[in-house]
Amino acid sequence: MTFIRSSALLKPEFLVTTHTSSQETSNTANVSTVINGSSITYEPYPGSNKVVYEISFYATNHNITQYGECAQYLKLEEYNGSIWSEISSTNRKNFGSESANAIQTSYFYVHLRYVLPAWSGSKQLRLTIAAAENDEKVVLHKINFFDGGNATSMFYNTSLLVYSI
Amino acid sequence: MTYKVDKLCIFQNTSHTSHQTINSTSYTEVSGSKCDLNNTEQRNMNLFYKFNFQCGQNPTSPYSDDHYLIHMKLQSSNDNFSSDINDIPGFKFNIAHDSAYAGSTAGHDYSIMSYTAFMILENFNKRYLRLVARAYDTTNFTGMLHGYTFFDGASSTYYYDTLLQIVEI
């Protein structure tokens, strides 16, 4: 069924990042990296109650030895004019796995959606990622295997959408 | 002067009555992922394509695999994918899962995952969109979509409704 309406989202702003290189996160535990394509400045629609921050990106477990563990945590941050800080500890996200047997299965398609209280004026937002333990970095955006073989110079676009509700 | 522009907003829920096994190296359409935007005038739109579905390791595979690697691509068309079939650049990706029981069939029920493919398209002017999928190979990396064969702690077949959203932004 199709519905046509004048406006589905309030004041949507989006960013599609076409990557031409991979991005490695830190191999040291708890050292954060800003995910390329996750930064945006947004001012909520007047009178709105919530702001939705929604993003998808692609990651590969770099610890691809057999049973190589990979645990990542992500924080959504805001800039107050002088420093970046986590918006709320209740907004933390995780993903991870072990590379149990095959390196071809060490991939993560990540889709995250945050619903935040609205604010006044414009605000800068970004998403950071860090490994839970040493030697558990991930490689972002690059696709290593596709169409049944090795892939070279193949990257997945990061999609970021922010809107008011 | 005020101009009112209607924007596209599609919600398409599909109740599946069978599982879709992905065990071929040829691309096949993911059931429930195709949509007619009815964009007959080929208007340029910014939109997002969001598709929620489930995948697990193929429990019917005769091979001793316990993982899957499924290649997926977002495609567009103006003729319902009859002859006009286009891969959309930048939106090819993999879904994959492994488990400590790899090499046996003991743990394939640990591989069940739900996914939400979320992709923003800029200046899109085609009429149809869909996802297609294939397996990395036909032996050890096959998968099964839209439900599984275990539930409530026992062997029990169930089906997972897919939800497709296409919203102009």
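Residues numbered from 1 in each chain as written. Chains lettered and ligands numbered in written order. Predicted model: local features only at pLDDT ≥ 70, side-chain atom pairs only at ≥ 80, totals over all residues.

### Some details on the overall build of chain B
This is how it is decided: Going along the chain from the N terminus, every DSSP run of H or I of four or more residues is numbered as a helix, and every run of E of two or more is numbered as a strand. Here exposure depends only on C-beta density: within 10 Å of a residue's C-beta, 20 or more other C-beta atoms make it buried, 12 or fewer make it exposed, and intermediate numbers make it partly exposed, the C-beta atoms being placed from the backbone. Throughout, a pair of residues is in contact if the C-beta atoms placed from their backbones lie within 7 Å.
Secondary structure summary: chain B contains zero helices and 13 strands in total. Listed N to C, the secondary structure of chain B is β-β-β-β-β-β-β-β-β-β-β-β-β in terms of helices and strands. Out of the 169 residues in chain B, the part that is buried amounts to 45%. Taking the intrachain contacts of chain B between residues at least 6 apart in sequence as the baseline, contacts between residues at least 24 apart amount to 81%.

### Some thoughts on the overall build of chain A
The secondary structure content of chain A amounts to zero helices and 15 strands. Across the 165 residues in chain A, those meeting the buried criterion constitute 35%. Restricting to contacts in chain A with at least 6 residues of sequence separation, those with at least 24 account for 79%.

### What to know about the confidence of the model for chain B
Residue and element names in this part refer to chain B. Heads up, the condition is: pLDDT: the predictor's confidence for each residue, scored from 0 to 100.
With 88% of its residues at a pLDDT of 70 or more, chain B has an overall mean of 89. Strand β11 (residues 147-151) is the least confidently modelled element of chain B, averaging 89 in pLDDT, while strand β3 (residues 28-29) averages 98, the highest of any element. Quick note on the complex model: pTM equals 0.92, ipTM equals 0.92.

### Focus: unusual backbone geometry
As a rule of thumb, non-glycine residues mostly have phi less than zero, and peptide bonds are mostly trans rather than cis. The residue K11 of chain A is not glycine, and still its phi comes out positive at about 45°. Along the chain, K11 of chain A falls in strand β2 (residues 10-17). Its 16 C-beta neighbours within 10 Å are what place K11 of chain A among the partly exposed residues. Positive phi, normally seen in glycine, also occurs at H146 of chain B, with a value near 70°. Within the fold, H146 of chain B resides in the loop between β10 (143-145) and β11.

### Topic: the environment of T60 of chain A
By secondary structure assignment, the location of T60 of chain A is in strand β6 (residues 50-61). Discounting chain neighbours no more than four positions away, the residues touching T60 of chain A are S106, Y107, V138, V139, K142 and N144 of chain A.

### Focus: the environment of Q57 of chain B
Note on placement: Q57 of chain B falls in strand β5 (residues 45-57). Through-space distance from the C-alpha of Q57 of chain B to that of H67 of chain B is 5.6 Å; in sequence the pair is ten residues apart.

### Some points on the environment of N46 of chain B
Relative to the helices and strands, N46 of chain B resides in strand β5. Considered as a pair, N46 of chain B and N123 of chain B are 77 residues apart in the sequence and their alpha carbons are 5.3 Å apart. Look past the residues within four positions of N46 of chain B in its chain and what remains in contact with it is F14 of chain A together with E122, N123, E168 and I169 of chain B.

### Quick look at the nonpolar core
In plain terms, the rule: In this description, a nonpolar core means buried residues of the types Ala, Val, Leu, Ile, Met, Phe, Trp, Tyr and Cys, linked to one another by C-beta atoms lying within 7 Å.
In terms of nonpolar packing, the biggest core is built from 68 residues, with L47, F48, Y49, I70, M119, L131 and I166 of chain B touching the most fellow members. In this structure I70 of chain B touches I22, C55, N94, I95, A133, A135 and G143 of chain B, once residues within four positions along its chain are discounted.

### Notes on the pairing of strand β15 (residues 158-164) of chain A
Look at any regular strand and the pattern is simple: side chains alternate between the two faces of the sheet. All names here are of chain A. What counts here: At least two bridges found by DSSP between two strands is the condition for calling them paired.
The buried count for β15 comes to seven of seven residues, which makes it a mostly enclosed element. Of the two faces of β15, the one lined by T158, L160, V162 and S164 and the one lined by S159, L161 and Y163 are each fully buried. The pairing of β6 with β15 spans six bridges and is antiparallel. Bridging across to β15, I55 finds its partner in L160.

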